[in-house]
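# Descriptive analysis of the structure
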Amino acid sequence: MVFSADASGDSIAAGSHEKRTFSIGFEGSMASSQGVGVQEMVRVAGQLSAGSLTFELYPDAQLANGPKMLGLVQRGELDIFLGGAGYFAALDGRINVFDIPYLFENVEQAYGVMDSAFGREMLDAFGEHGLKGLAFWENGIRSFTNNIGPINHPDDFNGLKIRTMPGNQVHEALWQGVGIETTALPSGAIYAAIQDGTINSQEHPISVIYARKFYEVQPWLSLTRHMYGPLIQVMNQQLFNSLSKLQQDILLRASFAGAVATRTFSNQNEARFLDEMKSSGLQVNEVDPQPFRERMRPAIEQDFIAKNGGEWLEKINAVLSATHR
């Protein structure tokens, strides 16, 4: 699938550079927030480059699942990958700081951290693994669906079976700590695993639950809002380094534009998504976050510090404190 953008409008490249085409792989559909963001990235890059930068898009995990696509980028067989932060944990465990439950009270706090100088520092940490971090995109605040009943208290988790991201030991520890049996599965396998009974619960942001139609096979959604999950867009580092400074700047600006588009899509459409899923029979309940925070956060935070040190968590707290002044 080859996309180019209308070159009309402002351009900072004035057509002075050779044409380049970049491949982008991601697991979401073109109709999902990921697809919306990627299309905005394509549009902005095309406009800023006067049409000299174009893209081949591979949505719906056409090339491979997330971890495999990440490896393809490292080897230079795919140019750009967009995926959940958990897929990067095997490269740098510090990225699991986002897996600390109730780290942020709302999405605005998360945006403030990701768009800060420290956010750039986090992205740059992947350079030693052959990856150029382009931007933090939106996955959103995660909530919980299941086949058994509403979740009103952490004790209601006991005995459920949930999917976790392959290789993400933090998520395994989180859910096992509240009595849930975990099974590692790629994102694209969740729907079928619910249908065949391998798992009976899953957790994702509202926009993902809607886009992947999990409400068709899960009758209960509990708005636990337990974790903000960013997406990370990365590019092969050698390829990025081979580009002109202007082309690099265009890609960074276009990636951030895509990130903003995913955030806008999720935030503006969440109420509509909930209403449509309710009309299809999904039972939705609000929860008091306090008992969940008290039960779920301490052990994961302590384990994170023990394994990765406290520097990243301290820097996040510093950004949050500065924005509250």
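Above this text sits the structure in question.
What you are looking at is a predicted structure, and each value in this text was computed from that prediction instead of being measured.

### What about the overall build of the chain?
- From N to C terminus, the chain includes 11 helices and 10 strands.
- Against the globule reference of 20 Å for 325 residues, the chain gives a C-alpha radius of gyration of 20 Å, in line with a compact fold.
- Considered along the principal axes of its C-alpha atoms, the chain spans approximately 60 × 45 × 40 Å.
- Burial status across the chain gives 55% buried among its 325 residues.
- The contacts of the chain with a sequence gap of at least 6 include a subset with a gap of at least 24, amounting to 77%.

### What about the nonpolar core?
- Judged by nonpolar contacts, the single largest core of 56 residues is most densely connected at F88, I95 and F157.
- Elements with a contribution of two residues or more to this core: α2 (66–74), α3 (107–114), α4 (117–124), β5 (131–146), α5 (169–177), β9 (220–236), α10 (289–308) and α11 (311–323).
- With near-sequence residues (within four places) excluded, F157 lies in contact with F144, I151, W175, V178, G179, I180, T224, F292 and M296.
- The next biggest cluster of nonpolar side chains, apart from the first, holds 28 residues, and it includes L82, W137, A257 and A259.

### Considering the side chain of S33
- Residue placement: S33 occurs in helix α1 (residues 33–48).
- In contact with S33, other than residues within four places in its own chain, are E138, S207, T262, F265 and S266.

### Thoughts on the pattern of salt bridges
- Scanning the entire structure with this criterion turns up 17 salt bridges.
- In this structure, R20 and E18 form a salt bridge, with 3.8 Å as the shortest nitrogen-oxygen distance.
- Judged by relative accessible area, E18 falls into the exposed class, the value being 54%.
- Measuring nitrogen to oxygen at the nearest pair gives 2.6 Å for the salt bridge that ties R297 to E301. Here R297 and its partner E301 are both found in helix α10, 4 residues apart, which amounts to about one turn of the helix.

### Some details on the packing of α1 against helix α9 (residues 245–279)
- Orientation of α1 relative to α9, taken along the N-to-C sense of each, is 145 degrees, at an axis distance of 7 Å. Read as a crossing pair, α1 and α9 show a hand that is right-handed. Residue-level contacts link S33, Q34, V36, G37, E40, M41, V44, A45 and L48 of α1 to I250, L251, R253, A254, S255, A257, G258, A261, T262, F265 and S266 of α9.

The rules we used
- Sequence order sets the numbering: in each chain, residues are counted from 1 along the sequence as written.
- It should be noted that, the model being predicted, local features are given only for residues of pLDDT at least 70 and side-chain atom pairs only at 80 or more, the latter also being counted only at that level, while totals for whole chains, interfaces and linings use all residues.
- Each side-chain value is worked out from all heavy atoms of the structure, with water and hydrogens disregarded.
- The secondary structure listing takes helices from DSSP runs of H or I that are at least 4 residues long and strands from runs of E that are at least 2 residues long, numbered from the N terminus.
- Here the radius of gyration uses the C-alpha set of atoms, whereas the globule reference equals 2.2 Å times the residue count to the power 0.38.
- Think of it in three bands: residues with accessible area under 20% of the maximum for their type are buried, residues over 50% are exposed, and the middle band is partly exposed, with areas taken using a 1.4 Å probe on protein chains only.
- The contact criterion used throughout is that any non-hydrogen atoms of two residues lie within 4.5 Å.
- Put simply, buried Ala, Val, Leu, Ile, Met, Phe, Trp, Tyr and Cys residues joined by side-chain atoms within 4.5 Å make one nonpolar core.
- For this document, the term salt bridge refers to a Lys or Arg side-chain nitrogen within 4 Å of an Asp or Glu carboxyl oxygen.
- Note on geometry: axes are lines fitted to C-alpha atoms, helical ones only across the stretch in contact, with angles between N-to-C directions running from 0 to 180 degrees.
- Throughout, a crossing is termed right-handed when the near helix is turned clockwise from the far one, and left-handed when it is turned anticlockwise from it by less than a right angle.

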